[in-house]
Amino acid sequence: MIEKIHALWPEITLFAAACVVMVVGLSRNVQVRRLCVPVCFIALVAAGVLAWFTTPMSAAAMAHLPQYGKTLAAFVGALLLLLLVGTPDREYEDDVARGRAAFEPIRGTRGEFYAFYLFSITGLMLCAGADDLIWLFLALELTSLPTYIMVAISTGRNRSMEAGVKYFFLGALGAATFLFGFALIYGATGSTKYTAIAEALQAQYQAGPLNAIAVAGVVLAVLGIGFKIAAVPMHFYTADVYQGASAPVSAMLAFVPKAAGFFALLGLLSCVGWFRATEPNTSLPEPIHEVLWFMAVLTMTVGNVLAVMQNSVKRILAYSSIAHSGYMLVGLIAGPGLQKDSFTHNGLAAVLFYLLVYGVSNIGAFAVLACLERRGRDGQMEEADDIADLRGLCSRRPLLGWIMVISSLGLLGLPPLLGFWGKMPLFTAGVSSGDYLLVVILGLNSAIAAFYYLRLVGVTLLEAPDAPGRGVPVQPGPFPTRVLAGVASVAGIIMLSFIPLTNQAQRAGIYNRDPIIKRSAEPAQPAVPKPEV
Amino acid sequence: MTALFTATLAQGELPNVMSGVTLYHFLFTSAAMFVIGLIGFLTRRNLIIMFLCTELMFQAAGIALIAFSRFWMNHTGETFVIFVLTVAAAEAAMALALVVLLFRRKETLDSSAWREMKG
Amino acid sequence: MTPTMIPTLANTDIASYLLILILIGGAISFAVINLGASYLLGPRRQGQTKGITYESGMNPVGTARKRFNVRFYLIAMVFLVFDIEIIFLYPWAVTFSNVDHTMTDALTWLGRILFFILTTIVAYVYGMRKGVFKFD
């Protein structure tokens, strides 16, 4: 039992740092309060190093997933932290600095904000390392519970609170759904361990169709986790929440819960197994495959079509985040393929690589929004949100403008940039799994996505800035680290395509099919009695 | 492997009163609770009632877990329920905090009073 | 996948409930002794303040729709932390007696629950710094 601790050093580091930050953020001394961000950053870097060097191989079907997932979480987490700087308590700290208010611990939210952020990243790492349904449930909840509060306190406006409440209620609905799914999976297999579930389900599958309770359980779990990745039946909150939260928090929402959801889906579906009898077209068992297929198609299409119709940049990015989830679902449907060492045939490796691509590219676009602000009618600072705010940004503020242009093109997947290398394996994996219709829909959707990404590029790069006098123009805010996050994201979009990170994703995407093949050589087991109602 | 879904839950060990109660009764109760919670969540507009509906769905899963735990004769499901209770308590604390916050701003708990964002 | 046998209601020894009986007896006698002692030893006064429903507590008269101070909510949250902690301490305490005390495993078991209690202390320190326990 003690060996579980050895798999948890990065999480323990982050947890300890979160506890420290929570208390440090309440100090009456402003210098001590300012320590929150450095402590978080050091903890994230340390956790990343620990994750890469100490994470052991998992006993579940995807042995290298924990190492890749945890390192990814720490890496993108550190970038996101640069973006989050300055979000909590902005007005209040201003008042305190100018002597208009005395600092009272009960009114400050700085410590909580950063501590919750670390808790959320801890949850994400635990999701990547999960090998048990109970663990997975707790990890998913640890990822999302802090984000509800972070949304609500991200600005002082009613809008953030509305977004937080909406996010919380739909999140609770999603959690209840996948919890019920987990309960049914446990009921059908008698265990919550991934390995035992995989064994029981595969034994059932060799003997005939899967038990109805198991199928219902997996489908409910997938639907519930669909909330975390903003997939279609559970996507309603996305645009409102991203718009209501401040831009840095929206950037975090676009990566952290989504990555957690995909790690959870990878874990669950690798228990079910991509081994429908019609080899070589391997696939998930019947009803689960159909549910995921329609989910993927609807998610891509709804996300892209609605994104075209928006005028708020945050809403465009929110709907595009829905669409990106749809693309990644294609990789899950394609499955691990038959060639063990091929990156281009392995849909799971494609998903894992795409998470990195999306996480890095997304930060750039949100960083630009987070950097631009104006004083609103009520005297509070408000972020750039309308697409008109970006007009002529390249000539007004070249650095921010080019960050926007390159990250939009990166998200679109223009060939030399990182986004292209992320999307390509999804196509090839889809083709090699034989699901041509799905690949065609994926291609059409990428074309629709070009509309709104090129619109963002065009407005920023080609249009002339507004003539003075038309409304209050947006100005760069006072946070250099946010610009740094944007620059880092752009550097990632350009540079990471030259570093063979695909090898790591490919290794993490290896799905160990050996137990299944061994089992099918044995004589078929006696059929499991069907439930009689 | 125990014959799945044919044995009664009681298996001759519980007192006689329970001998007619099978796994199905528990699963039916739990599914009914889940559906009632879901319908309530989708139709009601009061934030507190909506939260209670999600609690109902959580507890429905709890009942299913306990019944399955008894059925499989292991403690896994019961352990799971303890963790579910913890998470439910954390969510309750958070829900109440958010609802108090909203009520102080708008003096109402009607979820349709909060429609600032559209599009 | 052999299901492990767990003790059932039917073959539970009734004598194992004796401890619970003793505990109930202890609880009842605690109440009786305290009430009896204060009846015998305490001073007796009469008056309006003495006669109200909750002595030194909340005023029982007034509208029920009054808003409560938000501090009540904070106290409830702190209570919740300890309340939930008990859920985990009980199963731990029940199983700990079955662990072989000579093994190093026992230390691991103890270490785990101590770590768990430590997290509660962090929550407590946080609450204190936040000023939850200040009443003014």
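Computed from a prediction, not measured in an experiment: that's the story for all the values here.

Novice: Can you help me understand the overall build of chain B in this one?
Specialist: Per the secondary structure count, chain B includes 3 helices and 0 strands. Secondary structure elements in chain B, listed N-terminal to C-terminal, are α-α-α. By sequence separation, contacts in chain B at least 24 residues apart represent 43% of the contacts at least 6 residues apart.

Novice: Looking at this model, I keep getting lost on the sheet that holds strand β1 (residues 372–375) of chain A. Mind explaining?
Specialist: Residue and element names in this part refer to chain A. Within the open sheet, the 3 strands sit side by side as β2-β1-β3. Their pairing is antiparallel. If you trace the sheet from one side to the other, it starts and ends with β2 (381–383) and β3 (475–476), each paired once. The pairing of β1 with β3 spans 2 bridges and is antiparallel. If you follow Leu-372 over to β3, its bridge partner there is Pro-476.

Novice: What should I look at first to understand the interface of chain A and chain B in this one?
Specialist: Many structure descriptions define interface size as the accessible area lost when the parts assemble. In this assembly, 39 residues from chain A lie in contact with 35 residues from chain B. Put simply, the parts of the chain that give the side of chain A that touches chain B at least two residues each are α8 (133–152), α9 (158–189) and α12 (237–244) of chain A. Looking at the side of chain A that touches chain B element by element, the count peaks at 17 residues for α9(A). The residue inventory of the side of chain A that touches chain B, partitioned by class, reads 23 nonpolar, 11 polar and 5 charged.

Novice: What's the story with the packing of helix α2 (residues 47–72) of chain B against helix α3 (residues 76–106) of chain B in this structure? I'm lost.
Specialist: Helix packing geometry: the angle between the two helix axes and the distance between the axes. Residue and element names in this part refer to chain B. Their axes nearest at 9 Å, the elements α2 and α3 cross at an angle of 175 degrees. The orientation of α2 with respect to α3, classified from their angle, is roughly antiparallel. In this structure, α2 contributes Leu-47, Ile-48, Phe-51, Glu-55, Phe-58, Ala-61, Gly-62, Leu-65, Ile-66, Phe-68 and Ser-69 to the contact, and α3 contributes Thr-76, Gly-77, Glu-78, Phe-80, Val-81, Val-84, Ala-88, Ala-95 and Val-99. Across the contact of α2 with α3, the residue classes tally to 14 nonpolar, 4 polar and 2 charged.

Novice: Help me out: how do you make sense of unusual backbone geometry in this one?
Specialist: Most peptide bonds are trans, and most residues other than glycine sit at a negative phi. Residue and element names in this part refer to chain A. Residue Asp-89 is not a glycine yet carries a positive backbone phi of 60 degrees. Among the structural elements, Asp-89 can be located in the loop between α5 (65–84) and α6 (90–97). Since 22 C-beta atoms lie within 10 Å of it, Asp-89 is described here as buried.

Novice: Is there a simple way to explain helix α4 (residues 104–130) of chain C in this structure?
Specialist: Since there are 3.6 residues in each turn of an α-helix, residues three or four apart along the chain are aligned in direction. When the terminal C-alpha atoms of α4(C) are compared, their 39 Å separation across 27 residues agrees well with the 39 Å that a helix rising 1.5 Å per residue should span. Gly131(C) sits one or two positions beyond α4(C) and adopts a positive phi of about 90 degrees.

Novice: Looking at this structure, how should I read the environment of Ala239(A)?
Specialist: With respect to the secondary-structure elements, Ala239(A) resides in helix α12. Along the sequence, Ala239(A) and Leu454(A) sit 215 residues apart, while their C-alpha atoms lie 20 Å from each other.

Calculation criteria
- Residues numbered from 1 in each chain as written.
- Chains lettered and ligands numbered in written order.
- Predicted model: local features only at pLDDT ≥ 70, side-chain atom pairs only at ≥ 80, totals over all residues.
- Helix = DSSP H or I, 4+ residues; strand = E, 2+ residues; numbered from the N terminus.
- Contact = placed C-beta atoms within 7 Å.
- Pairing = 2+ DSSP bridges.
- Nonpolar A, V, L, I, M, F, W, Y, C, P; charged D, E, K, R; others polar.
- Axes fitted to C-alpha atoms, helices over the stretch in contact; angles between N-to-C directions.
- Parallel < 35°, antiparallel > 145°, perpendicular 65-115°, else oblique.
- Buried ≥ 20, exposed ≤ 12 C-beta atoms within 10 Å, placed from the backbone.
- Expected span 1.5 Å × (residues − 1).

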